[in-house]
Each structure stands twice: as C-alpha cells, then as structure tokens.
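As a plain string of letters, each chain reads:
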Amino acid sequence: MFKKTVSFIVSGRGSNFQTVAEKIKSGYIKANLGIVISDKAEARALTIAGDFGMDSYFINPRDFPGREAHESEMIRLLEKYKTDLVVAAGYMRILTAFFIRKYRNRIINIHPALLPSFPGVHSQQQALDYGVKITGCTTHFIDEGTDTGPIIIQSPISVMDDDGIESLSSRILKEEHRILPESVKLFCEGRLRINGRKVYIDK
Ligand code: GAR
C-alpha cells in the first residue's frame, strides 16, 4: 500500500507530536515521517524531532513581511518532503486561508476541549472558569474558522471539584495522546470520509 508522509507543525512541548511519531516509528501507523516545523525557536518538539532522525525547521514569522509569506516558506518545505498530511500538534498560530486551501482536508488539529466549546487558547482554563462538569479533547480537520473544522474524534473527561489547571490539563492530555494518533492512523488508512461538516469513519 502507498504510504502517506506525515509532517508536523508545532509551537512548544511536542508531546502530541512525539506520541504520533512513536506510533509511526513502531509501525502501528503505516506512514512515513516527514518534517517538523516550529514557529518558536525554543520548542522542545525540535529536539524530539532530532531523536526521531527527522529534519526540523524553525521558521521565524518575524523574518517575513506577512502571514502568507511565512506560510509560503512552510509550504515550500512541506512540499519538498512530499507531505500528504499536516498535523497541527500544539501549533498556536491561526493558519490563513492561503495555507488551508493548499492542504484542504489534509490538516488535522488536536484541541484540548470538546468543540465547539472553548475554542482558541487556554481551553482548559476556559472550561474551569465556566464550571462545566465535562470537557475533553477533539481532533478535527482545520478549515478557515478558528477550531471550526469537521470533527474526527472526541473524548470526554469529567471535571472534578478539586481540579486545577494542571490536574485537568494532564487528564485531557492523556486522551489527546490517544485520539490524535488514532485520527492520523485513520487518515493514513484512507478511512476518513468528509461530507459537509461530518466525518465518517469507514470500517
Ligand atoms: C495540547 O494540549 C494541545 O491540545 C494544545 O496545546 C497543547 C500542546 O501540547 N493545542 C491548542 O491549544 C491549540 N489551540 P504538546 O506540545 O505537548 O503537544
């Protein structure tokens, strides 16, 4: 079977990237590892990429006159490595329509809330502040809105009375590390079918 190439865009710690890369390396996800692109020089994900023998790039948004110019450079590199799927694994910038058009239905994002609740940043804190009893995480394809694209997998987590930001975030993260690799695997097996807002998973 033709193996897809999976690349990652990141901004920080890189635990989601690491989990997916491990599952590709072990053969659980049948795919090729592409590259890692960070918009932050200090992102730990760049170091982890080295551990996997992957090429990684810090592309500084400040070196470019605008967002599309920055993304053009990202696209150039993603194409150079023949990327089929882009995984936004803790990428904290909003992608423009220019990038999204290029990778339409081929960018998967992990979000630490049950969308459409708590989009944007600090989603775990938003959930605590709101007082919800259940939150969780979501994988979805990225479209032109902020965290609005078609949903692939969601996983719910109960919020406990004594939860703080750290305890809640770490329980959510554990589920992120389950549903993100699963979503990438389904994509790489060609089992995700998008129809409007809905993503169907073929058996
Ligand atoms: C994860 O919790 C991810 O869901 C979140 O950033 C964290 C990155 O952690 N992403 C967003 O909030 C996107 N809006 P990681 O670098 O260890 O994977």
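A. Representation of the packing of aromatic side chains in the model. Inspection of the entire model under this criterion finds six aromatic pairs. With 6.1 Å between their ring centres and 65° between their planes, Tyr 57 and Tyr 81 make a pair best called edge-to-face. You can see Tyr 57 sitting in strand E3 (residues 56–58) and its partner Tyr 81 sitting in the loop between helix H3 (67–80) and strand E4 (85–88), a full 24 residues away along the chain. Its relative accessible area of 23% is what places Tyr 57 among the partly exposed residues. A ring pair is formed by Phe 141 and Phe 187, whose centres lie 6.3 Å apart and whose planes are at 55°; its orientation type is tilted. Residue Phe 141 is located in strand E6 (residues 134–141), and its partner Phe 187 is located in helix H6 (residues 165–188); the two are separated by 46 residues in the primary sequence. Residue Phe 187 is classed as buried on the basis of its relative accessible area of 12%. Linked through ring pairs, Phe 8, Phe 17 and Phe 52 together constitute an aromatic cluster. Between Lys 185 and the ring centre of Tyr 28, over which it is positioned, the NZ or CZ distance is 4.9 Å.

B. Highlighting the site of the ligand. The environment of the ligand is formed by Arg 13, Gly 14, Ser 15, Asn 16, Gly 90, Met 92, Ile 110, His 111, Pro 112, Gly 120 and Glu 176. Separating an oxygen atom of the ligand from a side-chain N or O atom of Asn 16 is a distance of 2.9 Å. In this structure, a nitrogen atom belonging to the ligand sits 3.5 Å away from a main-chain N or O atom of Gly 120. Coverage of the ligand by the protein chains reaches 89% of its 450 Å² of free accessible surface. In terms of residue class, the shell around the ligand is made up of three nonpolar, six polar and two charged.

C. A look at helix H2 (residues 44–51). Of the residues making up H2, those classed as buried are Ala 45, Leu 46, Ile 48 and Ala 49. Projected onto a plane normal to the axis of H2, the buried residues spread over an arc of 160° and lie on a single side. Opposite the buried face of H2, at more than 90 degrees from it, the exposed residues are Thr 47 and Asp 51.

D. The packing of helix H1 (residues 15–25) against H6, seen in detail. Running from amino to carboxyl end, H1 crosses H6 at an angle of 45°, the nearest separation of the two axes being 9 Å. On the basis of the axis angle, H1 is oblique to H6. Taken as a pair, H1 and H6 cross one another with a handedness that is right-handed. Contacts between H1 and H6 involve Ser 15, Asn 16, Thr 19, Val 20 and Lys 23 on the former and, on the latter, Leu 173, Glu 176, His 177, Leu 180, Pro 181 and Val 184.

Definitions and limits used
Residues numbered from 1 in each chain as written. Predicted model: local features only at pLDDT ≥ 70, side-chain atom pairs only at ≥ 80, totals over all residues. Heavy atoms only, no water. Phe/Tyr/Trp six-rings, centres within 6.5 Å; stacked < 30°, edge-to-face > 60°. Helix = DSSP H or I, 4+ residues; strand = E, 2+ residues; numbered from the N terminus. Buried < 20%, exposed > 50% of the residue type's maximum accessible area, 1.4 Å probe, protein only. Lys NZ or Arg CZ within 6 Å of the ring centre and 35° of its normal. Near = heavy atom within 4 Å. Polar contact = N/O pair within 3.5 Å; in protein donor to acceptor, adjacent residues only side chain to side chain. Areas by Shrake-Rupley, 256 points an atom, 1.4 Å probe, with all protein chains shown as cover. Nonpolar A, V, L, I, M, F, W, Y, C, P; charged D, E, K, R; others polar. Arc of directions from axis to C-beta. Axes fitted to C-alpha atoms, helices over the stretch in contact; angles between N-to-C directions. Parallel < 35°, antiparallel > 145°, perpendicular 65-115°, else oblique. Left-handed = near helix turned anticlockwise from the far one by under 90°. Contact = heavy atoms within 4.5 Å.

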